[in-house]
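# Fold and contact review
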Amino acid sequence: MSQLRLDKFLADAGIGSRSQVKQYLKTGQITVNGTVIKTGNIKILPDTDLILYQGNPVVREPHVYYMLNKPAGYVSAVKDDRFPTVISLINDPSHPDLFPVGRLDKDTEGLLLITNDGALAHRLLSPKKHVDKTYYTEFRGNLPEDAATQFQQGIDIGDKKPTMPALLQTLSESSALLTIQEGRFHQVKRMFQAFNCEVTYLKRIRMGILQLDDTLPPGASRLLTPEELAAL
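Summarised in this report is the structure supplied together with it. Remember, it's a predicted structure, so these values are computed and weren't measured experimentally.

Side chains of residues three or four places apart in an α-helix project in the same direction, reflecting 3.6 residues per turn. Of the positions making up helix α3 (residues 118-125), those classed as buried are L120, A121 and L124. End-on view of α3: buried residues confined to an arc of 100°, all on one side of the axis. Regarding α3, its N-cap is D117, as a side-chain oxygen of that residue lies 3.2 Å from the backbone nitrogen of A119 further along.

In structure tokens:
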């Protein structure tokens, strides 16, 4: 059970910036175990001490879960020297340890889970779990009539092993839904390239039980609902 500075705990809990927290303390709006505290440098025990702001308990949720509709042009990383990152799209200063679960290519859009829960990320990304991921894709070229069967049997994309069985649902002559269970490098693009087709647009719309919220415009995010989190 580690101690934490009171002002850091309050800021991390999201009640305000460090300067705002300092003002709240100065004006007697913060109590610790029933005592008004006016300085932020005291140490508290977040798990046992009762911290109130304006009479209401202050709780810092250890883990948070965001659904992001990733736009093109952003990299799935915490930091990058060349391109903007998906983390820069999440405004949550109280949780500086956020990271994307898996990755989408820079030019790929759609569903991306952002969290600070390493255990959940490991479960979702484990090859043994075979979590389904569905993509909407637009492409140039002509797929053979038995493309769905070939995708189901696995595609040779130049790796040591063919891909795992995938579900192809053709929507038109130039668009389809593809559900895969792996996350190999550029996998969807390489699967279509095996048929001399070029993917021109790619958007992930589902990961496991998570379905991309149609109301989220590109670049927007929201916290997962309790139902979504429970299903995960």
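Let's pick the thread back up.
A sheet is described by the order of its strands in space; here 4 strands give the open sequence β3-β2-β5-β6, paired in antiparallel fashion. Edge positions in the open sheet fall to β3 (35-36) and β6 (56-57), since each of these has one partner strand only. Here strand β2 (residues 30-32) runs beside β3; their pairing, made up of 2 bridges, is antiparallel. Looking at the pairing, V32 lines up with T35 of β3.

Scanning the model with the defined rule gives 10 salt bridges in all. R103 is the partner of D105 in a salt bridge, and the nearest nitrogen-oxygen pair spans 3.0 Å. By relative accessible area, D105 is classed as buried at 10%. With its nearest N and O atoms 3.7 Å apart, the salt bridge here joins K189 to D105. Of this pair, K189 sits in helix α5 (residues 187-193) while D105 sits in the loop between β8 (99-100) and β9 (109-115); the two residues are 84 residues apart in sequence, bridging distant segments of the chain. The two residues K189 and D105 agree in class, both being buried.

Structurally, S76 can be placed in the loop between β7 (65-70) and β8. If we ignore the near neighbours within four places in the chain, the residues touching S76 are K70, V86, P100, G102, R103, L104 and L112.

Counting 28 residues, the largest nonpolar core has I114, F151, L178, M191 and F192 as the members making the most contacts within it. When residues of this core are traced back to their parent elements, those giving at least two are β7, β9, β10 (133-140), α4 (147-153), β12 (175-180), α5 and β13 (198-207).

Parameters and conventions
- Residues numbered from 1 in each chain as written.
- Predicted model: local features only at pLDDT ≥ 70, side-chain atom pairs only at ≥ 80, totals over all residues.
- Heavy atoms only, no water.
- Buried < 20%, exposed > 50% of the residue type's maximum accessible area, 1.4 Å probe, protein only.
- Helix = DSSP H or I, 4+ residues; strand = E, 2+ residues; numbered from the N terminus.
- Arc of directions from axis to C-beta.
- Polar contact = N/O pair within 3.5 Å; in protein donor to acceptor, adjacent residues only side chain to side chain.
- Pairing = 2+ DSSP bridges.
- Salt bridge = Lys/Arg side-chain N within 4 Å of Asp/Glu carboxyl O.
- Contact = heavy atoms within 4.5 Å.
- Core = buried A, V, L, I, M, F, W, Y, C linked by side-chain atoms within 4.5 Å.

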